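Chains, contacts and geometry: an overview
As a plain string of letters, each chain reads:
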Amino acid sequence: MNIILCAKQVVDVAEIKIDPATKKPVLAGVPQKISDMDKNALEEAIKIKEKHGGKITVVTVGAPDAKERMRELLAMGADEGVLLTQPPQTDYHMIAHLLAGAIKKIGSYDIILCGEASIDMFSGQIGPRLAGLLNIPQITYAQQITVEPTKVVSEKNLGEKSVTMESPFPVLLTVTKESNQPRLPSLMAILASSNKPIHEWSTTDIVSQTLQPKVQTLDVKGIPMQRKNIIFQDDLDQSVGKLVNELAKVGVLR
Ligand SMILES: Cc1cc2nc3c(=O)[nH]c(=O)nc-3n(C[C@H](O)[C@H](O)[C@H](O)COP(=O)(O)OP(=O)(O)OC[C@H]3O[C@@H](n4cnc5c(N)ncnc54)[C@H](O)[C@@H]3O)c2cc1C
């Protein structure tokens, strides 16, 4: 199995503070990380590789420092990385074209895995756009993935029903957060990851036409959370009763 994982470096959204005056997110000093669902997707890739053999290549379009975060994925179990240096202004159309170009250059692939969405922009567009550009089938929101000799079978949970789908290779799947618990690499694996290759490609190696963003992000503002700070200090039974009433009042419970 040749597996390609698309992984995005993002700001750690849990660490972002909002400037109370401007409502703008304060990004200075916020650490970067690999988007959570991309680690779920890697965990699925590793499980497939453990069972069927093969190779996992991570592809990232990002800033040069994304290389450091890629090492984490190599330590978890990916075999090599491709880092495409990101142009200054991007949008979904550009990122999807760059990933498609990089994947075409890699050449051989059976499965492409993406997260269901990134934790920062959360559009969920890149996987489906990429499958469209590569003209391959896609299965979105995969929670269980089983690889059989000629096909992939995937199950997704839609709350009140689960849906099982299958597709021949090559196929792109987007993976949900609920699919698994990504493994933590051992110290030995972290040390060994420094010997795994990361290839750095520039966008001109990948696409001949000049890519321009079609969508501009005009503004990003934090939405302040209004907390009620209601504290119940009676004995436990009374407090639970009051909590239930309060939740019912705001429509959380019926
Ligand atoms: C450094 C930086 C600068 C940016 N500048 C702009 C800007 O100027 N204007 C603007 O409108 N937007 C900008 N963006 C946002 C960018 O266009 C979007 O993040 C991008 O289109 C992906 O959309 P998304 O995060 O909603 O991905 P989703 O579609 O939610 O992501 C789904 C999955 O697609 C894959 N994926 C997504 N992005 C990448 C990636 N970069 N590399 C590898 N895999 C990926 C991952 O598997 C991910 O889990 C910038 C982003 C970055 C990182």
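This write-up is about the structure you can find in this document. No experiment lies behind these values; they were computed from the predicted model shown. (Residues numbered from 1 in each chain as written. Predicted model: local features only at pLDDT ≥ 70, side-chain atom pairs only at ≥ 80, totals over all residues. Heavy atoms only, no water.)

Section: the site of the ligand
Basically, it comes down to this: Throughout, near means a residue has at least one heavy atom within 4 Å of the molecule or strand. Counted as a polar contact is a pair of N or O atoms within 3.5 Å, where, for protein atoms, one must be capable of donating a hydrogen and the other of accepting one, and residues adjacent in sequence contribute only when both atoms are in side chains. Computed by Shrake-Rupley with a 1.4 Å probe, the accessible areas treat only the displayed protein chains as cover when residues are assessed. Every helix listed is a DSSP run of H or I at least four residues long, and every strand listed is a run of E at least two residues long, numbered separately from the N terminus. Under the scheme applied here, ten amino acids are nonpolar (Ala, Val, Leu, Ile, Met, Phe, Trp, Tyr, Cys and Pro), four are charged (Asp, Glu, Lys and Arg), and all others, including Gly, are polar.
Around the ligand lies a shell of 26 residues, among which C6, K8, D38, S118 and T217 are the nearest. Residue D38 places a side-chain N or O atom 2.4 Å away from an oxygen atom belonging to the ligand. Here T217 contributes a side-chain N or O atom positioned 2.5 Å from an oxygen atom of the ligand. In isolation the ligand has 940 Å² of accessible area, and contact with the protein removes 86% of it. When residues of the shell around the ligand are traced back to their parent elements, those giving at least two are β6 (55-62), α3 (92-106) and β8 (111-115). Grouping the amino acids of the shell around the ligand by side-chain chemistry returns 12 nonpolar, 10 polar and 4 charged.

Structural notes on a nonpolar patch on the surface
We count it as follows: The patch calculation keeps residues exceeding 30% relative accessible area without a salt bridge and links them within 9 Å when they carry like charges or within 5 Å when they are nonpolar (Val, Leu, Ile, Met, Phe, Trp, Tyr). The salt bridge criterion pairs a side-chain nitrogen of Lys or Arg with a carboxyl oxygen of Asp or Glu, the two atoms within 4 Å.
Residues L236, V240, V244, V250, V252 and L253 make up a contiguous nonpolar surface patch of about 530 Å² in total accessible area. With respect to the helices and strands, the residue L236 is situated in helix α7 (residues 236-249).

Examining the sheet that holds β8
Sheet strands line up and pair through hydrogen bonds in the backbone, either parallel or antiparallel. Our working definition: DSSP calls a pair of strands paired once it identifies at least 2 bridges connecting them. Every axis in this analysis is a line fitted to C-alpha atoms, fitted for helices over the stretch in contact. Angles between the N-to-C directions lie between 0 and 180 degrees. Contacts are assigned to residue pairs with any non-hydrogen atoms lying within 4.5 Å of each other.
Read across the sheet, 7 strands follow the order β9-β13-β8-β1-β6-β7-β14 without closing on themselves; strand pairing throughout is parallel. Strand pairing shows two members of the sheet lacking a second neighbour, β9 (138-142) and β14 (198-201), which therefore form its edges. Across the sheet, the mean angle separating the axes of adjacent strands is 20° when strand polarity is ignored. Pairing analysis gives 4 bridges linking strand β7 (residues 80-85) to β14, with the strands arranged parallel. Bridged to L83 within β14 is E200. Strands in contact with helix α1 (residues 36-52) are β1 (2-6), β6, β8 and β13 (171-175); relative to β8, the strand with the most contacts, it is inclined by about 150°. Its contacts with the sheet place helix α2 (residues 66-76) against β1, β6, β7 and β14, and it is angled at close to 160° to β7.

Describing unusual backbone geometry
Here the amide bond leading from F169 into P170 is cis, since omega sits at -10°, within 30 degrees of zero. Structurally, P170 is set in the loop between β12 (162-168) and β13. The backbone of K23 shows a phi angle near 65°, a positive value even though the residue is not glycine. With respect to the secondary-structure elements, K23 resides in the loop between β3 (17-18) and β4 (25-26).

A few points about the pairing of β6
What counts, and what does not: Residue exposure (1.4 Å probe, protein chains only): buried if accessible area is under 20% of the type maximum, exposed if over 50%, otherwise partly exposed. We call a crossover right-handed when, viewed with the strands running away from us, the connection from the first strand over the helix to the second turns clockwise.
Most of β6 sits inside the fold, with 7 of its 8 residues counted as buried. With 5 bridges connecting them, β1 and β6 associate as parallel partners. Across the sheet, the residue bridging to I4 is T57, located in β6. Handedness of the crossover is the feature at issue here: the chain leaves β6, passes through α2, returns alongside β7, and the resulting connection is right-handed.

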